[in-house]
Amino acid sequence: MAARGESIHGEADLVGSLVPPGGSVLDAGCGTGRVAIELARRGHDVVGIDLDPAMLDLARSKTSDLPWIQGDLANTVVAEAAGGRRLFDAVIAAGNVMIFLERGTEAAVVANIAAHLGPGGALVAGFQLSDAYLQLHVYDALAECNGLVLESRYSTWQGAPFSGGDYAVSVHRRTAATAPSDG
């Protein structure tokens, strides 16, 4: 992509277009930190969370300037310094996070990461589509059950229109009326 003059940071480009300058982002399933580090480089307040300690070790080796949390997306609460659940302007789940979850935990994961969104916050997730994985209509229903409304859907992180296919990037947004209570 870089050789063609295209951005190799489509995830950060999209999230950056959805949150205010300096806005807060939770990188859910951050892996080695590629997306989180790029978002931070652009001035966003970023926290990365992942279950895999080896991936987080790689992220920490790239930068110690970001908080890297080892935890399960189904139940880890990212806390404010003063206590209580931290709310973010956006949560990103890039890199097929939603289909790499332990089967049967998808509802708990969507509920937990949605609970970390403030009013107007966006949940942005991109994942491969296949009958063997989480189905898009099921993902949409899980998001809706947690107070999120589908705002847009693309076939790539660069914003190509979605008209079916084997990959989708979905943007669900929390309305002010569905903001979570402190948990």
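What you see is a predicted model; the values in this text were computed from it and never measured. Residue indices begin from 1 for each chain and proceed along its sequence in written order. Predicted model: local features are reported for residues with pLDDT of at least 70 only, side-chain atom pairs are reported and counted for 80 or more only, and whole-chain, interface and lining totals are derived from all residues. Derived side-chain values reflect all non-hydrogen atoms in the structure, with water molecules and hydrogen atoms excluded from consideration.

Caption draft 1: Local environment of the pattern of salt bridges. The term salt bridge refers to a pairing of a side-chain nitrogen on Lys or Arg with a carboxyl oxygen on Asp or Glu at a separation within 4 Å. All chains considered together, the criterion is met by 8 salt bridges. Close ionic contact of Asp45 with Arg86 constitutes a salt bridge, the shortest N to O distance being 2.4 Å. Taken together, the residues span a long stretch of sequence, with Asp45 in strand β2 (residues 45-50) and Arg86 in the loop between β3 (68-70) and β4 (88-93) at a distance of 41 residues. On the basis of relative accessibility, which here comes to 36%, the residue Asp45 falls in the partly exposed class. The helix and strand labels rest on DSSP assignments: H or I over at least four residues marks a helix, E over at least two residues marks a strand, and numbering proceeds from the N terminus. Each residue gets one of three labels from its accessible area relative to the maximum for its type: buried under 20%, exposed over 50%, partly exposed in between, using a 1.4 Å probe on protein chains only.

Caption draft 2: Just the pairing of strand β7 (residues 167-174), in detail. With respect to burial, β7 is a largely interior element, 8 of its 8 residues being buried. Neither face of β7 is left uncovered, since the one carrying Tyr167, Val169, Val171 and Arg173 and the one carrying Ala168, Ser170, His172 and Arg174 both have all their residues buried.

Caption draft 3: Geometry of the side chain of Glu106. Note that Glu106 resides in helix α5 (residues 106-114). The side chain of Glu106 sits in the buried core without any salt bridge; Arg103 is the nearest counter-charge, 5.6 Å away. Contacts: residue pairs with any heavy atoms within 4.5 Å of one another. In contact with Glu106, other than residues within four places in its own chain, are Met98, Leu101, Leu134 and Leu142. This count recognises Lys and Arg as positive and Asp and Glu as negative, with His and chain-terminal groups excluded.

Caption draft 4: How the structure looks around the layout of surface pockets. Points on a 1 Å grid over protein atoms alone make up a cavity when a 1.4 Å probe fits among them but cannot get out, and a pocket when they form an open set with protein on both sides within 12 Å along at least five of seven lines; lining residues each have an atom within 4 Å of a point. Grid points are joined across faces, edges and corners, and a volume is the space filled by probe spheres set on the points. There is about 520 Å³ of room inside the largest pocket. Together, 24 residues line the largest pocket, and Gly29, Cys30, Gly31, Asp50 and Val97 are the ones closest to its centre. Among the elements of the structure, α2 (34-41) and α4 (97-100) are those that each provide at least two residues to the lining of the largest pocket. Gly counts as polar in this scheme, as do all residues outside two lists: the nonpolar Ala, Val, Leu, Ile, Met, Phe, Trp, Tyr, Cys and Pro, and the charged Asp, Glu, Lys and Arg. Of the residues contributing to the lining of the largest pocket, the split by class is 10 nonpolar, 7 polar and 7 charged.

Caption draft 5: Representation of empty space enclosed by the protein within the structure. As enumerated under the stated definition, the model contains 1 cavity of 30 Å³ or more in all. Every residue lining the largest cavity is listed: Leu26, Ile49, Asp72, Leu73, Thr76, Val78, Asn112, Ile113 and His116. A breakdown of the residues in the lining of the largest cavity according to their chemical character gives 5 nonpolar, 3 polar and 1 charged.

Caption draft 6: Focus on the packing of α5 against helix α6 (residues 136-145). For the pair α5 and α6, the least separation of the axes is 9 Å and the interaxial angle reads 45°. By the angle class used here, α5 and α6 are oblique. Seen from above, α5 lies across α6 with right-handed handedness. Here Glu106, Ala107 and Val110 of α5 come into contact with α6, specifically with Tyr139, Leu142 and Ala143. Classifying every residue of the contact of α5 with α6 by side-chain character gives 5 nonpolar, no polar and 1 charged. Working convention: axes come from line fits to C-alpha atoms, limited for helices to the stretch in contact. Angles between N-to-C directions cover 0 to 180 degrees. The labels follow the angle: roughly parallel below 35 degrees, roughly antiparallel above 145, roughly perpendicular from 65 to 115, and oblique for the rest. Two helices that cross are described as forming a left-handed crossing if the nearer one is turned anticlockwise from the farther one by less than a right angle, and a right-handed crossing if clockwise.

Caption draft 7: Fine view of α2. Three or more residues of α2 are buried, namely Val35, Ala36, Glu38 and Leu39. In an axial view of α2, the angular spread of the buried residues amounts to 165°, which keeps them on one side of the axis. Of the residues trailing α2, Gly43 is marked for its positive phi of about 100°. Read the arc as the range of directions from the helix axis to the C-beta atoms.

These figures capture arrangement, not role.
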